[in-house]
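# Secondary and tertiary structure notes
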Amino acid sequence: MTRVIQWATGVTGMMSLRHVIRRTDLDLVGVRVYDPAKVGVDAGTLCGVGRAGVLTTDDRDAVIHTDADVVLYMGKVETDTPGCFADVCDLLSSGKNVVATGSRFIHPRSLHESLAEGIESACRRGDSSFLGLGLFPGFVGESLSPTLSRLTQSTSRIAIREVLDYSTYASHDLIFNAMGFGHAPEDTTPLLSNKEYAASAWIGSATVLAKALGLEIRSVEGFREVATTPRALTVAAGQIPAGTVGAMRFGVEVDCGAVALVVEHLTRMADDLAPEWPVELGYEVTFEGEPNMRLHLLIGSPGEDHAEQGCLATAMHAINAIPVVVAAPSGMYDLSTIAPFVAHWTNRIV
C-alpha cells in the first residue's frame, strides 16, 4: 500500500481526502489542516466517510516528519507562493514524493529559476520526485492540447480557454483577495489586478505546452479585463456590491514565432454579465491551421456544479498520478516530462 499524506483540505483537498480514505491501495497516514476548527478531528469524520483512524493536525513539522511515500499538496500557492514552495521543498527533502496542484507549481522554472532550483535541490537531498498538475492549468493545455496536435498539418495559433461560473465557489481568499471580485475595477489590491501576476498564473501551462510541441518562447504578455455588476450579488464566497467587479477574463499571450499560444480563464458571478464574452461553460481548445479544430470539454452534467466537478477532476488527476510519481527517478517533473499515466479503476473503493 502507498502511504499518503493529504496537505490542505479546501474544496479540492476534501475531495481528494475522501477518495484516498476509500481506496484500498492507498493508506492515509497524515492530514495537514489550517482551520482551527478542523484540528484534531478524525479525517474520515471531517470529510463525511466515517472514521479513518487518522487525526488532522496543524503541526507543520509533525506532518513533514511523518513517514509517507507521497504527499498530495493542495495548499494556497496562489496567495502564499513562498510559504507553499517552502513546504514542498521540506517535504521533498524529508524523502517524500510530492504531487502538487496550483498554477504556480505547473512549471516553477517559468516563474523564477530559484523556485525550480529549490525543488531540484530538495529532490536530490531526499531522493524524491515532484510533479505539479491540475485541470486548468495542469491538464487541458499541457496534456490534451499536445495530443490534439497529432491531427494537424500546421497551425498558427493555439488557444486554450476556461469559462466558469464561480458564484458557487466558497473560497473568499481566492475569489476576493486573489481574483478581485467585489472590488472596484481600478483597485490594485487584488493579486490578479497586476497583469504580470495574472500572466504568471498561466505561463507555466503555456511553457509546458511549448516544450511538448518543441516550440521556443520569444515573448510573453499578460492581460486582464473586468466587467462590473449593475446589482449586488450574493455568492458562496460573500457579497459583491453593485458597481464592483462581477466578471473577469485574464490570461497570457505567448509568441513562439510562427505559432502563437493563448491561455485564458473567464469567470462570471452571474450569467448575464459581460454577454459579449464567450458564454459556453467548460474548456475549449482551438487550433487555427490545417485543419482548423475546436474541442469543447464540459466536466459535470446539466444541473451539477461545474466548478465543483472541476475540483473533483483536479483531485483525481493528482491521485491518479501517484503511481508514476512514486516510481519515477528523483527529480522535478512536469506534464511534458513525466511518463504517461492513466486512471486505475480496478483499485477497489470501499
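Rules used in this analysis
- Residues numbered from 1 in each chain as written.
- Predicted model: local features only at pLDDT ≥ 70, side-chain atom pairs only at ≥ 80, totals over all residues.
- Heavy atoms only, no water.
- Helix = DSSP H or I, 4+ residues; strand = E, 2+ residues; numbered from the N terminus.
- Rg over C-alpha atoms; globule rule 2.2 N^0.38 Å.
- Buried < 20%, exposed > 50% of the residue type's maximum accessible area, 1.4 Å probe, protein only.
- Contact = heavy atoms within 4.5 Å.
- Areas by Shrake-Rupley, 256 points an atom, 1.4 Å probe, with all protein chains shown as cover.
- Lys, Arg positive; Asp, Glu negative; His and termini not counted.
- Charge placed at Lys NZ, Arg CZ, Asp CG, Glu CD.
- Core = buried A, V, L, I, M, F, W, Y, C linked by side-chain atoms within 4.5 Å.
- Salt bridge = Lys/Arg side-chain N within 4 Å of Asp/Glu carboxyl O.
- Expected span 1.5 Å × (residues − 1).
- Bend = angle between axes of the 7 residues up to and from the residue.
- Polar contact = N/O pair within 3.5 Å; in protein donor to acceptor, adjacent residues only side chain to side chain.
- UniProt positions renumbered as here; feature names shortened; annotations may be inferred.

- The protein has the name Dihydrodipicolinate reductase in an unreviewed UniProt entry, where Mycobacterium kyorinense is given as its organism.

### Observations regarding the overall build of the protein
- Along the backbone of the protein there are ten helices and 14 strands.
- Whereas a compact globule of 350 residues would reach a radius of gyration of roughly 20 Å, the protein reaches 20 Å, a difference of no more than 12%.
- Here the protein holds 350 residues, and the buried ones make up 53% of them.
- Sequence separation of 24 or more characterises 72% of the internal contacts of the protein that already satisfy a separation of 6 or more.
- Surface summary for the protein: the accessible area is close to 14,900 Å², and the carbon and sulfur share equals 51%.
- Taking the average location of the 26 positive side-chain charges in the protein and that of its 41 negative ones, the two points are 4 Å from each other.

### A short note on the nonpolar core
- Residues Leu72, Tyr73, Val98, Phe105 and Phe130 are the most contacted members of the largest nonpolar core, which totals 56 residues.
- At six residues, helix H4 (residues 81-93) tops the list of elements feeding residues into this core.
- Setting aside residues no more than four positions away along its own chain, Phe105 makes contact with Tyr73, Val77, Cys84, Phe85, Val88, Ala100, Phe130 and Gly132.
- Grouped together as the second largest cluster of nonpolar side chains are 55 residues, Leu135, Ala210, Phe250 and Leu261 included.

### Focus on the pattern of salt bridges
- All told, the structure shown has 17 salt bridges when counted by the stated rule.
- Note that Arg109 and Glu113 form a salt bridge whose closest N and O atoms lie 2.8 Å from each other.
- Residue Arg109 is classed as partly exposed on the basis of its relative accessible area, which comes to 31%.
- On the basis of relative accessibility, which here comes to 37%, the residue Glu113 falls in the partly exposed class.
- Sharing partners across several salt bridges, the network here consists of Arg161, Arg249, Glu264, Glu280, Glu284 and Arg294.

### Concerning the environment of Pro291
- Structurally, Pro291 can be placed in the loop between strand S12 (282-290) and strand S13 (293-297).
- Once residues lying within four places of it in the same chain are set aside, the contact partners of Pro291 are Leu151, Thr152 and Gln153.

### A word on helix H8 (residues 195-213)
- If you check H8, its first and last C-alpha atoms are 26 Å apart, about what 19 residues at 1.5 Å a residue would give, namely 27 Å.
- At Trp202, H8 shows its maximal kink, close to 40 degrees.
- Most of H8 is tucked away, with 14 of its 19 residues classed as buried.
- At the N-terminal boundary of H8, the capping side chain belongs to Asn194, with an oxygen 2.8 Å from the backbone nitrogen of Glu196.
- Phi for Gly214, located one or two positions after H8, is positive at around 70 degrees.

### Thoughts on the UniProt feature "domain: 2,4-diaminopentanoate dehydrogenase C-terminal" (unreviewed entry) in the protein
- The positions that UniProt labels "domain: 2,4-diaminopentanoate dehydrogenase C-terminal" (unreviewed entry) are, in the present scheme, residues 143-337.
- Between the end C-alpha atoms of residues 143-337 the distance is 11 Å, and the span holds 28% helix and 34% strand.

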